[in-house]
Amino acid sequence: MNILLWHVHGSWTTAFVQGPHSYLVPVLPDRGPDGLGRARTYAWPASVTEVAPEGLRDAPVDLVVLQRPHEADLAERWLGGRRPGRDVPAVYLEHNAPHGDVPDTRHPFADRDDLTLVHVTHFNRLFWDAGRTRTAVIEHGVVDPGHRWTGELPRAAVVVNEPVRRGRTTGTDLLPGLSSAVPLDVFGMRTEGLAEQLGVPYARCRSYDLPQARLHQEVARRRLYLHPVRWTSLGLSLIEAMHLGMPIVALATTEVADAVPADAGVISTRPEVLERAADAFLHDEDAAAEAGRAARHAALERYGLKRFLDDWDLLMEEVIR
């Protein structure tokens, strides 16, 4: 199949384009949000082709994967008037948990009879109001980075982009308290100066913005993975940490309670429980290793790449028929 999709979510797209299809990714001269083109920090196969808007007018497209509300109009214009869902099969992929008016949040593509709304977690489908639109859940899959955990550094790894701007959503306000129990290494975009902004010593909350190629290696050197996120979809960084063989200490919010089994670490809605758990793993490397092995096993069973691609192939065949 020839599949049109925008480069919106680098980690998710990296898994999706591992399938057997041809993937058309729009590119604009400024490589802005509507034309980012191929990823520069992820390994994408040659089956992903950059296409300028004018090149899409007569391009054979079997399926459009929409990920943002405005892409429907954008696709219609760039595809020479072909309407996603009417003239060319389409799905709308919803990456996020709803924000605002929860639990009555109305999805922008609610009450549509011309496409399928695909969620990445069962939690998200439960909380979005899709009306009469057909919905499906295809859980995340990741390219297995391998069991890399060494735990040699007695610190906790946190992966989050823009922690200051996103604030309570990503649990940034919890980091000072957690850093008193375990020293933190926070990885992600726009994490510079995080310790100073949180008012904690740098040694207790270091921050790094690393290229993707180095991220897994560095995260896996830390003793445990800490996930203080209050309200987002299930983070791919958490699933990747499980694949790496890291013990998990996480807030039991959104899909986390269903994704992290009891033997893979500790989840709770009480920050003080997370503090004690992090401290325990810090001082018991054998327990950390055992929990990490359980986390990896669970991730491979539930979030393996083959299951992910098979689920997508089945859904795409149904939509196209």
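Structure first, text after, so check above.
Residues numbered from 1 in each chain as written. Predicted model: local features only at pLDDT ≥ 70, side-chain atom pairs only at ≥ 80, totals over all residues. Heavy atoms only, no water.

**Focus on the overall build of the chain**
Stage number 1. The helix and strand inventory of the chain stands at 13 helices and 13 strands.
Stage number 2. Its C-alpha radius of gyration of 20 Å places the chain within 12% of the 20 Å reference for a compact globule of 321 residues.
Stage number 3. Its C-alpha atoms give the chain principal-axis dimensions of about 60 × 40 × 35 Å.
Stage number 4. Counting over 321 residues, the chain shows a buried share of 56%. (Helix = DSSP H or I, 4+ residues; strand = E, 2+ residues; numbered from the N terminus. Rg over C-alpha atoms; globule rule 2.2 N^0.38 Å. Buried < 20%, exposed > 50% of the residue type's maximum accessible area, 1.4 Å probe, protein only.)

**Digging into helix α12 (residues 285-302)**
Stage number 1. Its 18 residues place the ends of α12 26 Å apart at the C-alpha level, agreeing with the 26 Å of an ideal helix rising 1.5 Å per residue.
Stage number 2. Next to the buried residues of α12 lie β11 (222-227), α9 (236-244), β12 (248-251), β13 (265-268) and α11 (271-283). (Expected span 1.5 Å × (residues − 1). Contact = heavy atoms within 4.5 Å.)

**Overview of the pattern of salt bridges**
Stage number 1. Enumeration according to the criterion identifies 28 salt bridges in this entry.
Stage number 2. The shortest N-O distance in the salt bridge between R68 and D34 comes to 3.0 Å. Here R68 is found in the loop between β4 (63-66) and α3 (71-78), whereas its partner D34 is found in the loop between β2 (22-26) and β3 (48-51), with 34 residues between them in sequence.
Stage number 3. Classification of R68 by relative accessible area gives buried; the value is 16%.
Stage number 4. Ionic pairing is found between R222 and D185, a salt bridge with its closest N-O pair at 2.7 Å. With R222 in strand β11 and D185 in strand β9 (residues 184-187), this pair connects stretches of sequence that are 37 residues apart. Assigned by exposure class, R222 and D185 land together as buried. (Salt bridge = Lys/Arg side-chain N within 4 Å of Asp/Glu carboxyl O.)

**Section: a negative patch on the surface**
Stage number 1. A cluster of like negative charges, contributed by D263, D284, D286 and E290, occupies part of the molecular surface.
Stage number 2. Relative to the assigned elements, D263 resides in the loop between α10 (256-259) and β13. (Patch = residues over 30% accessible without salt bridge, like charges linked within 9 Å, V, L, I, M, F, W, Y side chains within 5 Å. Areas by Shrake-Rupley, 256 points an atom, 1.4 Å probe, with all protein chains shown as cover. Lys, Arg positive; Asp, Glu negative; His and termini not counted. Charge placed at Lys NZ, Arg CZ, Asp CG, Glu CD.)

**Some points on the layout of surface pockets**
Vacant regions in the atomic arrangement are exposed by a probe of water-molecule size rolled over the atoms.
Stage number 1. Computed from the structure, the second largest pocket encloses a volume of approximately 310 Å³.
Stage number 2. Lining the second largest pocket are 15 residues, and of these T14, Y42, V143, Q212 and H216 lie nearest its centre. (1 Å grid on protein atoms, 1.4 Å probe; cavity = no way out; pocket = protein on both sides within 12 Å on 5 of 7 lines; lining within 4 Å. Points joined across faces, edges and corners; volume = space filled by probe spheres on them.)

**Concerning the sheet that holds strand β8 (residues 153-159)**
Stage number 1. With parallel pairing, the six strands of this open sheet are ordered in space as β10-β9-β8-β11-β12-β13. With one partner strand each, in any of the chains shown, β10 (205-208) and β13 form the two edges of the open sheet. Each strand axis lies, on average, 20° off the axis of its neighbour in the sheet, ignoring direction.
Stage number 2. As judged from the three bridges shared by β11 and β12, these two strands associate in the parallel manner. Residue pairing across strands places L226 opposite V249, the latter belonging to β12. (Pairing = 2+ DSSP bridges. Axes fitted to C-alpha atoms, helices over the stretch in contact; angles between N-to-C directions.)

**Examining the pairing of β12**
Stage number 1. What you see with β12 is no split at all: I248 and A250 on one side and V249 and L251 on the other are buried throughout.
Stage number 2. Read as a crossover between parallel neighbours, the route from β11 over α9 to β12 is right-handed. (Right-handed = clockwise from strand over helix to strand, strands pointing away.)

**Overview of α11**
For an α-helix, the turn length of 3.6 residues means that residues three or four places apart are oriented alike.
Stage number 1. Compared with the 18 Å implied by 1.5 Å per residue over 13 residues, the 19 Å span of α11 between its first and last C-alpha is a close match.
Stage number 2. Among all positions in α11, only V273, L274, A277, A278, F281 and L282 are buried.

**Comments concerning the packing of aromatic side chains**
Stage number 1. A full pass over the atoms with the stated rule returns eleven aromatic pairs.
Stage number 2. Centre to centre, the rings of W12 and F308 are 6.1 Å apart; their planes meet at 85°, and the pair counts as edge-to-face. Of this pair, W12 sits in helix α1 (residues 10-16) while F308 sits in helix α13 (residues 305-320); the two residues are 296 residues apart in sequence, bridging distant segments of the chain.
Stage number 3. Of the residues examined, F308 reaches a relative accessible area of 0% and is grouped as buried.
Stage number 4. Centre to centre, the rings of W12 and W312 are 5.9 Å apart; their planes meet at 75°, and the pair counts as edge-to-face. Of this pair, W12 sits in helix α1 while W312 sits in helix α13, and the two are 300 residues apart along the sequence. For the residue pair W12 and W312, the accessibility class agrees, reading buried in each case.
Stage number 5. Of note, R222 hangs over the ring of Y208, and the distance from its end group to the ring centre comes to 5.8 Å. (Phe/Tyr/Trp six-rings, centres within 6.5 Å; stacked < 30°, edge-to-face > 60°. Lys NZ or Arg CZ within 6 Å of the ring centre and 35° of its normal.)

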